[in-house]
Amino acid sequence: MKITVDAEACTGHGRCYVVSPDLFSSDDEGFCAERGGTRDVPSGHEGSAQLAVDSCPEGAISMSDR
Ligand code: F3S
């Protein structure tokens, strides 16, 4: 499973790194530091990834099986 944060869609709500600090962090301006990238979700962190997807008001986070 992979997770992607759309750099254009992220406006810095900051919920992702609050609900899923194992996967996301804040940059100096409060945006998701992982925005603009796609990476593998480590085994056992799928639930946390789903929480982050559900938490973002902008729908900036998405998951895929590829
Ligand atoms: Fe950005 Fe959404 Fe997180 S707007 S900071 S990806 S909650």
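Refer to the structure presented above.
Just so you know, these numbers come straight off a predicted model, no measurement behind them.

1. With respect to the sheet that holds strand 1 (residues 2-5)
(1) Moving on: Pairing within the open sheet is antiparallel, and its 3 strands lie in the order 2-1-3. Strands at the two margins of the open sheet, each flanked by one partner only, are strand 2 (38-40) and strand 3 (61-64). Direction aside, neighbouring strands of the sheet carry axes that sit 25 degrees apart on average.
(2) Moving on: Two strands pair when backbone bridges link them, and strand 1 and strand 2 are joined in this way by 3 bridges, in the antiparallel orientation. Paired with Lys2 across the strands is Asp40, a residue of strand 2.

2. Description of the site of the ligand
(1) Moving on: If you check the shell around the ligand, you find Cys10, Thr11, Gly12, His13, Gly14, Arg15, Cys16, Cys32, Cys56, Glu58 and Ile61 and nothing else.
(2) Moving on: For the shell around the ligand, the per-class residue count stands at 5 nonpolar, 4 polar and 2 charged.

3. As for the nonpolar core
(1) Moving on: Counting 16 residues, the largest nonpolar core has Ile3, Val5, Cys16, Phe24, Cys32 and Ile61 as the members making the most contacts within it.
(2) Moving on: Those elements that provide at least two residues to this core are strand 1, helix 1 (15-19) and helix 2 (46-55).
(3) Moving on: Top element by residues in this core is helix 2. It accounts for 3 residues.
(4) Moving on: Apart from the residues lying within four places of it in its own chain, the contact partners of Cys16 are Pro21, Phe24, Cys32, Ala52, Ser55 and Ile61.

4. Quick look at the environment of Gln50
(1) Moving on: Topologically, Gln50 is positioned in helix 2.
(2) Moving on: Judged by its relative accessible area of 35%, Gln50 falls in the partly exposed class.
(3) Moving on: Separated by 13 residues in sequence, Gln50 and Met63 place their C-alpha atoms 7.9 Å apart.

5. Thoughts on the packing of aromatic side chains
(1) Moving on: Within the structure shown, the criterion is met by 0 aromatic pairs.
(2) Moving on: We note Arg39 situated over the ring of Phe24; from NZ or CZ to the ring centre the distance is 5.2 Å.

Cut-offs used in this document
Residues numbered from 1 in each chain as written. Predicted model: local features only at pLDDT ≥ 70, side-chain atom pairs only at ≥ 80, totals over all residues. Heavy atoms only, no water. Pairing = 2+ DSSP bridges. Helix = DSSP H or I, 4+ residues; strand = E, 2+ residues; numbered from the N terminus. Axes fitted to C-alpha atoms, helices over the stretch in contact; angles between N-to-C directions. Near = heavy atom within 4 Å. Nonpolar A, V, L, I, M, F, W, Y, C, P; charged D, E, K, R; others polar. Core = buried A, V, L, I, M, F, W, Y, C linked by side-chain atoms within 4.5 Å. Buried < 20%, exposed > 50% of the residue type's maximum accessible area, 1.4 Å probe, protein only. Contact = heavy atoms within 4.5 Å. Phe/Tyr/Trp six-rings, centres within 6.5 Å; stacked < 30°, edge-to-face > 60°. Lys NZ or Arg CZ within 6 Å of the ring centre and 35° of its normal.

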